[in-house]
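Report on the structure
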Amino acid sequence: MQLILRRLSGTILVMILSVPVLLAQEPDTLKPTSLDPKLIEWQKSRIPKQYTIASVNITGIRFLDTSIVYSIANLQPGDKFTHPGEDIFAKSIASLWRQKLFANVKVFVTKVEDDKVWVEVNLQERPRLGNFKFVGINKTEEEDLLGKINLAKQTIITENTRREITERITKYFQEKAYRNVTVRIDDSQPDPAFVNSKAMTIYVDKGEKVKINEINFYGNNNVDDLRLKKQMKGTKEMSKFTVHRDEGVVPSPFGKKEKYNFGQYINDWGFLSISKTKKLIDPWFKFKLSGAKFDAKKFEEDREKVLDYYNSMGYRDAQILDDTSYATLKGNMNIDLKIEEGRRYYFGNITWKGNAKYSDSLLNAILGINKGDIYNIGILNKRLGKEAAQEGGDISGLYMDDGYLFFRAEPVETAVYNDTIDHEIRIVEGPQARIKNVTIAGNDKTKDWVIRRELRTVPGELFSRTDLIRSQRELANLQYFNQETINPGVVPNAEDGTVDINWKLEEKSSDQLELSAGWGGGVGLTGTLGVTFNNFSIRNIWKRSAWDPLPTGDGQKLSLRVQSNGKAYQSYSFSFTEPWLGGKKRNSLSLSLNKSVYRNGYYDQTTGNYEFDENTLLKTFGIGLSLGKQLKWPDDYFSIAYSINYTQYKRKNYNIFPGASPTGTSNNLSFKISLQRSSVFNPVYPVSGSNFLASVQFTPPYSLFNKSIETSEDKYKNPEYHKWRFNAEWYVPIGKPLGAEKNRQFVLKLAAKYGFMGRYNSNLDYSPFERFQVGDAGLTNNFGLLGYDIVAHRGYPVYQSSDPTVNPDQQSAQNFFTIFNKYQLELRFPLVTNPSSTIYGLTFFEAANGWYNYKDYNPFRLRRSVGVGMRFFLPMFGLLGFDYGIGLDRLTPQTGLKGAARFTFMLGFEPE
């Protein structure tokens, strides 16, 4: 009985304690000031009853649209609910909170009649952002941050907003080596300029930049610290330097060294006190430390580079066990890395499996890895062609050039014993794939057939990776398309053993405009107007519908140029080139016409103007025709061109060269054969390849048939000569491309150029036409009218002496060379490479000279120069170039550096 009473009393106690809990679970839906008995009774009711919402009133809203709030609250007149039971008001409150638009949300029942209730939703809107400002940072940093945190006035301020501002500012400055950044946001004050808005002030304390003082490696017994540090391109130490106690030499970033007495600046530990000598060496010191900031992202990348370097040296088990960073007393950072090198491995036996097309011996020869070579999985994958952007010379290329598009080669380790690893290369050759469909997209102007004739990817032919790469380069060489976006779009069809190639192109402007104008006192209007259309269509020139604004798309080149120097000089030229005569083979046809007039002038002191004598002038008229052909042997990089040129010179009291009558007519009829091999693509900024050109230009040997020419008063009525030229250029990429752009890397250009003129008759002097002018920027002048080859030599004016000790500044060149040699070394680096412009800087070394006869010819006696320059290639205007050259053989104690330097510019083309 006692047990029953104990259990019964426990049950009653639980029921009594449960009553306030149940009451607490019901939301307080009455206003605190409400004394309506019906409302109080409604709230305390414990018998479930269904009610209908009679009305919903939204209060507290000043800026938001009430219709939007109604939809968010999800309370509508006519909605039915059970009370107590369904907690629809709590759901409404939760829905409103989720929008993060309100600082406070309440839902009240304001009236109850029978089974109807009246509801009020009371809201307090969050403040909006008014004016804001940053404190503690400069203008540039503020502009950068605004682009990252996207602050906009009248947006709602939330905790997420504050947190995002803090995180992005902190990340921004940490990437700039500020490791102790603090951000404080004050938005407590209202902004009177806006309603319900807060003014925000963002206080930023960047702290001091953290530099990397030292990087220490532990456990690297076989690879020294210096080689490991070189792999860490993005994580550099502060540069160290020491000085003697009495005096020291501080290297300047500008190449010179300044000598100072440092005895008073040496501290007690024998090191230079930077604080005492800050003013003395501060510019240099800042320059040297600029690369020592810590970047966490780059540090992680550099850790992988260190391991990659170990793997390339055979330490395939190498790992970084731990790394730690800690602050120095001066607030900088030391980094320690603990390395476990592991054993060094070597390649063992390499066997092949699955190769039916090629023998083991051939594959081994191409692979080029022998037993005992240091193990390097990167080299193995590269030789197999597993890495991207391979261009031949690997196993994959061997197969893919013969149609084996589905080829795969997987190296498998078959045995590891001691320090040796055996491999089996498992090959799946697959079927030979033939090209099925070739499509072209993106060519709005250029005709399909103009593009297809450049392609080596022809339907029905076996797939070839080499042909694919060559086609891509040929399209880039046209200069009609953005070379960075030329995409072959290879789509293999494994079901039928074919492949589709879908070329995606992006056209760019390739036409050029040359325009300049001026006015000279006494000379008159001067200027140049030239246009070059590189994708012209001559066959549509009479079709009115094709002029948009010009007929284009057939791949022809048309150039027109007018140049005037007032009354002194006028020149008109026209040229047209059809690169595919007949449309089936790469046989080119070029036609050119030119006409010019050159008058001598003098300064009239009585009138103060330049006057020009119509009885003293030189008129020229020229026409040229050229036929070119691509060769198949020795390879299809070779081409040959045959040309015939005729130029007529009419002199009227014009003494332009010695030994000729000042009045008369000369007829220069010449034939030229040129053999060229060019593997250079992207002529604007080539990164690889070479150019070789050998040519001979000759006239008929008139004097061998007519001996009277030797005694004639006008020996140059029909000039005779033979001229030989040889040019060689190489472009060598240095290092790896920087970034995603393949052509963004250092390029070394090496060039050698030679020119020789000969004569048929030793009793006659060399022809005054077609000689070589050496020096200056390579721009044409009045001697260019005589067909001179104008050879640039930066750092020197035009010179006529072969003796490098003779100062060309003291000469007035009137007679020019029959022999020249030139050598060039140029290091280039692109600053901008995109379809709209290409800009690159360069530094150069040149050596050149000219001679008048073979007796004096000495190929080792050259004038030398060094300098720097810039090139700007704009599609509409062509090439603009500036060079600052120093003629080393002009440099004397009297002239100094300034007297030996020469600033030159070029326009439209790269000089010889």
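Residues numbered from 1 in each chain as written. Predicted model: local features only at pLDDT ≥ 70, side-chain atom pairs only at ≥ 80, totals over all residues. Heavy atoms only, no water.

With that out of the way, let us pick up a nonpolar patch on the surface. The grouping of W730, V732, I734, F746, L750, L825, L827, F845 and L888 at the surface amounts to a nonpolar patch, some 670 Å² of accessible area in total. Of all the secondary structure elements, the ones that give two or more residues to the nonpolar patch are β28 (722-734), β29 (746-758) and β32 (819-834). Structurally, the position occupied by F746 is in strand β29. (Patch = residues over 30% accessible without salt bridge, like charges linked within 9 Å, V, L, I, M, F, W, Y side chains within 5 Å. Areas by Shrake-Rupley, 256 points an atom, 1.4 Å probe, with all protein chains shown as cover. Salt bridge = Lys/Arg side-chain N within 4 Å of Asp/Glu carboxyl O. Helix = DSSP H or I, 4+ residues; strand = E, 2+ residues; numbered from the N terminus.)

Glancing now at the pairing of β29. Alignment of β28 against β29, held across 13 bridges, turns out to be antiparallel. Counterpart to N727 in the pairing with β29 is K753. In this structure, β29 lies alongside β32, joined through 10 bridges in antiparallel fashion. Across the sheet, residue L748 finds its bridge partner in β32, namely L827. (Pairing = 2+ DSSP bridges.)

Following the sequence through the fold, N220 ends up in the loop between β8 (212-218) and α7 (225-231). Engagement of the side chain of N220 in a polar contact is seen with the backbone oxygen of V223, the distance being 2.9 Å. Separated by 2.6 Å, the side chains of N220 and D225 make a polar contact. Residue contacts for N220: discarding those within four places in its chain leaves D225, L228, Y310 and E341. (Polar contact = N/O pair within 3.5 Å; in protein donor to acceptor, adjacent residues only side chain to side chain. Contact = heavy atoms within 4.5 Å.)

For the structure shown, the criterion picks out 3 cavities of 30 Å³ or more. Approximately 90 Å³ is the volume attributed to the second largest cavity. What lines the second largest cavity is I709, K715, Y716, N718, P719, E720, R759, N761, L764, D765, Y766 and S767. For the lining of the second largest cavity, the per-class residue count stands at 5 nonpolar, 3 polar and 4 charged. (1 Å grid on protein atoms, 1.4 Å probe; cavity = no way out; pocket = protein on both sides within 12 Å on 5 of 7 lines; lining within 4 Å. Points joined across faces, edges and corners; volume = space filled by probe spheres on them. Nonpolar A, V, L, I, M, F, W, Y, C, P; charged D, E, K, R; others polar.)

The topology assignment puts N535 in strand β20 (residues 524-536). With a relative accessible area of 8%, N535 lands in the buried category. Within the structure, N535 has its side chain in polar contact with the backbone nitrogen of G555 (distance 2.9 Å). Excluding residues that lie within four positions of it along the chain, N535 makes contacts with T446, Y480, S510, D511, P551, T552, G553, D554, G555 and Q556. (Buried < 20%, exposed > 50% of the residue type's maximum accessible area, 1.4 Å probe, protein only.)

Strand order in the open sheet formed by 3 strands is β16-β18-β17, and the pairing between neighbours is mixed. One side of each edge strand has no neighbouring strand; the edge strands of this open sheet are β16 (434-441) and β17 (490-493). The sheet shows a mean angle of 15 degrees between the axes of neighbouring strands, taken without regard to direction. Its contacts with the sheet place helix α14 (residues 465-477) against β17 and β18 (498-504), and it is angled at close to 15 degrees to β18. (Axes fitted to C-alpha atoms, helices over the stretch in contact; angles between N-to-C directions.)

With 24 residues, the main nonpolar core has L75, F89, L96, V117 and L123 as its most contacted residues. Residue assignment for this core shows that the elements contributing at least two residues are α2 (37-44), β1 (49-59), α3 (66-73), α4 (88-98), β3 (102-113) and β4 (116-125). Counting residues per element, this core draws most heavily on β3, which supplies 5 residues. Once residues lying within four places of it in the same chain are set aside, the contact partners of L96 are V69, I72, A73, F102, V105, V121 and L123. One finds M400, F406, F481 and I501 within the second-largest nonpolar core, a separate group that totals 22 residues. (Core = buried A, V, L, I, M, F, W, Y, C linked by side-chain atoms within 4.5 Å.)

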